Amino acid sequence: MSTFRIEGGYKLRGEIQAQGAKNEALQILCAVLLTDEKVVISNIPDIIDINILIELLRKLGVKVEKLASNKMSFQADELNLDYLTSEDFKEGGKSLRGSIMLIGPLLARFGKGYIPKPGGDKIGRRRLDTHFEGFVQLGAEFRYNKEEHFYGVEAERLIGSEILLEEASVTGTANILMASVLAEGETSIYNAACEPYIQQLCKMLIRMGAKIEGVGSNFLKIQGVQQLSGCEHTLLPDMIEIGSWIGLAAMTQSEITIKNVGWEHLGIIPSTFKRLGITLEKRGDDIYIPPHLNGYEIQNFIDGSILTIADSPWPGLTPDLLSVILVMATQARGEVLIHQKMFESRLFFVDKLIDMGAKIILCDPHRAVVIGHDFKSQLKATKMSSPDIRAGISLLIAALSAKGTSVIQNIDQIDRGYERIDERLRGLGARIERID
Ligand SMILES: CC(=O)N[C@H]1[C@@H](OP(=O)(O)OP(=O)(O)OC[C@H]2O[C@@H](n3ccc(=O)[nH]c3=O)[C@H](O)[C@@H]2O)O[C@H](CO)[C@@H](O)[C@@H]1O
Ligand SMILES: C=C(OP(=O)(O)O)C(=O)O
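Residues numbered from 1 in each chain as written. Chains lettered and ligands numbered in written order. Predicted model: local features only at pLDDT ≥ 70, side-chain atom pairs only at ≥ 80, totals over all residues.

A.B. asks: Hey, could you run me through the overall build of the chain in this one?
C.D. replies: Looking only at helices and strands, the chain features 14 helices and 23 strands. Computed over its C-alpha atoms, the radius of gyration of the chain comes to 22 Å, within 12% of the 22 Å expected for a compact globule of 436 residues. Along the three orthogonal principal directions, the C-alpha set of the chain runs to about 65 × 50 × 50 Å. In the chain, which comprises 436 residues, the proportion classed as buried is 49%. Intrachain contacts of the chain at a sequence separation of at least 6 include 73% that bridge at least 24 residues. (Helix = DSSP H or I, 4+ residues; strand = E, 2+ residues; numbered from the N terminus. Rg over C-alpha atoms; globule rule 2.2 N^0.38 Å. Buried ≥ 20, exposed ≤ 12 C-beta atoms within 10 Å, placed from the backbone. Contact = placed C-beta atoms within 7 Å.)

A.B. asks: What should I look at first to understand the packing of helix H1 (residues 22–31) against helix H2 (residues 48–59) in this one?
C.D. replies: Axes are the key here: two packed helices are described by the angle between their axes and the distance separating the axes. Axis separation between H1 and H2 bottoms out at 10 Å; the angle between their running directions is 5°. Judged on the interaxial angle alone, H2 and H1 are roughly parallel. Along the contact surface, H1 presents Lys22, Ala25, Leu26 and Leu29, while H2 presents Asp49, Ile50, Leu53, Ile54 and Leu57. Counted by class, the contact of H1 with H2 contains seven nonpolar, no polar and two charged residues. (Axes fitted to C-alpha atoms, helices over the stretch in contact; angles between N-to-C directions. Parallel < 35°, antiparallel > 145°, perpendicular 65-115°, else oblique. Nonpolar A, V, L, I, M, F, W, Y, C, P; charged D, E, K, R; others polar.)

A.B. asks: Sorry, what's going on with helix H10 (residues 322–329) here?
C.D. replies: Since one α-helical turn is 3.6 residues long, residues separated by three or four positions face the same way. In terms of burial, H10 is a largely internal element, eight of the eight residues being buried. Elements in contact with the buried residues of H10: helix H8 (239–251), strand E17 (307–310), strand E18 (335–339), helix H11 (350–355), strand E20 (367–371) and helix H12 (389–401).

A.B. asks: Would you take a moment to explain the packing of H8 against H12 for this structure?
C.D. replies: The contact between H8 and H12 brings their axes to 9 Å, and the two run at 20°. It follows from the interaxial angle that H8 and H12 lie roughly parallel. Like other packed secondary-structure pairs, H8 and H12 cross with a definite hand, here right-handed. Along its contact with H8, which presents Ser244, Gly247, Leu248 and Met251, the element H12 presents Ile393, Ile397, Leu400 and Ser401. Residue classes in the contact of H8 with H12 are distributed as five nonpolar, three polar and no charged. (Left-handed = near helix turned anticlockwise from the far one by under 90°.)

A.B. asks: Please clarify how unusual backbone geometry should be interpreted in this entry.
C.D. replies: A negative phi angle characterises most non-glycine residues, just as the trans form characterises most peptide bonds. Cis peptide bonds are those with omega within 30 degrees of zero, and the linkage from tryptophan 314 to proline 315 qualifies with 15°. Within the fold, proline 315 resides in the loop between E17 and H10. Backbone geometry places glutamine 253, a non-glycine residue, at a positive phi of 50°. Residue placement: glutamine 253 occurs in the loop between H8 and strand E14 (255–259). Glutamine 253 sits in the partly exposed class, given 19 other C-beta atoms within 10 Å. Even without glycine at this site, asparagine 260 takes up a positive phi of about 50°. With respect to the helices and strands, the residue asparagine 260 is situated in the loop between E14 and helix H9 (269–275). Given 14 C-beta atoms within a 10 Å radius, asparagine 260 is considered partly exposed.

A.B. asks: Help me out: how do you make sense of the nonpolar core in this one?
C.D. replies: Proteins that are soluble and globular tend to have nonpolar side chains buried together. Membership of the largest hydrophobic core comes to 142 residues, with the highest contact counts inside it found for Ala31, Leu107, Val181, Leu201, Ile246 and Ile325. Summarising the domain contributions, this core has at least three residues from each of domain 1 (3–19 + 237–435) and domain 2 (22–234). If we skip the residues at most four places from it in the chain, alanine 31 touches Pro105, Met178, Leu201, Met204 and Leu205. (Core = buried A, V, L, I, M, F, W, Y, C linked by C-beta atoms within 7 Å. Domains from an automatic or database assignment.)

A.B. asks: Before we go on, may I ask you to explain the pairing of E18 in this structure?
C.D. replies: Both faces of the sheet carry side chains from a regular strand, because those side chains alternate between them. Burial along E18 is one-sided: Val336 and Ile338 are buried, while Glu335, Leu337 and His339, pointing the other way, are not. Bridge count between E17 and E18: four bridges; the pairing is parallel. Across the sheet, the residue bridging to alanine 310 is histidine 339, located in E18. Regarding topology, H10 serves as the crossover connection from E17 to the parallel E18, and that connection is right-handed. (Pairing = 2+ DSSP bridges. Right-handed = clockwise from strand over helix to strand, strands pointing away.)

A.B. asks: I'm lost on the environment of arginine 390 in this one. Help?
C.D. replies: Along the chain, the position of arginine 390 falls in helix H12. Residue classification places arginine 390 among the buried positions, given that 29 C-beta atoms sit within 10 Å. With sequence-adjacent residues up to four places away left out, arginine 390 is seen in contact with Asp320, Ser323 and Val324.

Shown next as C-alpha cells:
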C-alpha cells in the first residue's frame, strides 16, 4: 500500500484546477445504463472510485471509449447481466459506495438489479433502507442474502407511486429517481435530496427524454416514459475538493487561486469558510485566497456564544467538509464546536491531530471542540495512516503545515477521491513524494 512522505512547514503558491466531482460522477455513470444509446461524459475525474465503477460497467458489457483526457463515451446496448451474480462483481462492487446506484437503472431497464453490500468510507453506519423501501414502493421485490451480504431487487414492471423518503439520502434519491423515470405512470419523491449533483442527474435525465418536475427542490414529480436516449453531460467541479484547497491555503498561509469552481453551485460553503475568518475573493469563476499572514479569526454567534459548524442535508453544509474545517480550525484565532451529525465515526482521526499538538477535545463521537493556536505554535510532524478519504486529506493538510517530515500511510483512501494529488500539490510548491 502506498505512502506519502511530506516535508511540511512551507508556504505554497499558485493556481490549482478543480477536478470533476466524484459524487456526481458516480450517479451519472450509473445512469448510462438507462439507455442503449451512446452517452458522452466530460470532466470525469481520474480517481480510484471512478475507475473501479467504469471497470464494473465495462465488465457488465458497457462499451467504453476514451475520447480525450477526462472525456469518455458509454453505450449499454449489449449487457451481460449474468455478470451481476459473478464472484468478480461481488468483490468489485463491495469496494465503493457509489456501486449501489447501479441497482436503480438496472431494475428500471431489465427488471432486476443485484449488488453486494457496498463499501466506501468506514465512517459509521450507512444503511440502505431508504433505497430499498423506495424500490419496493415502485413494485419491486426485495431479497437480502445475509451470509453473502448480497442485495437484490426484481420486478416485472415498475409502477409509479407516492414516495416519502424517511431521510433525504443522496444516493437513495438518485437510485429511486433513476428507477422511476422508466416506471409506468407518475412517481413523486418527497424529502428528496436536492444537492447540485442530484440536480445535475435530473438535468441529464431530462436531456435523455425523462419527464421530471421540481428539480432543485425536495419534491420531485416524475412521469414515466418508455425509453430514454443518449446525451452529452459535463460534470461540475468537485465542491469537496474545492473546500479542501481552501482549507489547505488557510492552514499553510498560502496564496492560492482555485480555477473554475462553479461558484453558483457551492451553496453555503464559501460563507462557512468566511465565518471561520478566511478571506475568499471571487474573481470571475475562480476563488482567490490571500496568504493570511496575520492568521484568521473565528467569528462568534451574534450573542457572543461559541460558533458551531454542523452538517445537514443540502442546502446545509455537507458532512464531507467537516474534517477539513476541523483541521483548519486548529490554527485559527478562537474556538469552534464541530458537530458531525450524520456519521458517528468520522471524528476519531482527531487523536492524530492531538498527537501533533492540536488543542482538541473530542466530546463524543459526533462533537469536537477545537481551540486554535493562532500560528503561535506549529503542529509537529508525525507518522500516521489515513482512515477515510476526508480524514486523509485533512491529515495531509496538517502534515503540509507541520514542521518536519511526516509520513501518511494508506493513501489509497486519498486517491479514491483526489486526482494525482501529489503531482498537483507539487505544482503549488509542496514537498510531497509518493513512496512504497
Ligand atoms: C457516493 C456519495 O454520493 N456519497 C455521499 C452521500 O452518501 P450516501 O448517499 O451514502 O449518504 P446518505 O445521504 O444516504 O446519508 C448519509 C448519512 O447521513 C444520515 N442522514 C442522512 C440524511 C438525513 O436527512 N439525516 C441523516 O441523518 C444517514 O442516516 C447516513 O448515516 O451523501 C453523504 C451525505 O451528504 C456524503 O457524506 C457522501 O459523500
Ligand atoms: C464519504 C464519502 O464518499 P463515499 O460515500 O463514496 O464513501 C466522501 O466522498 O466523503
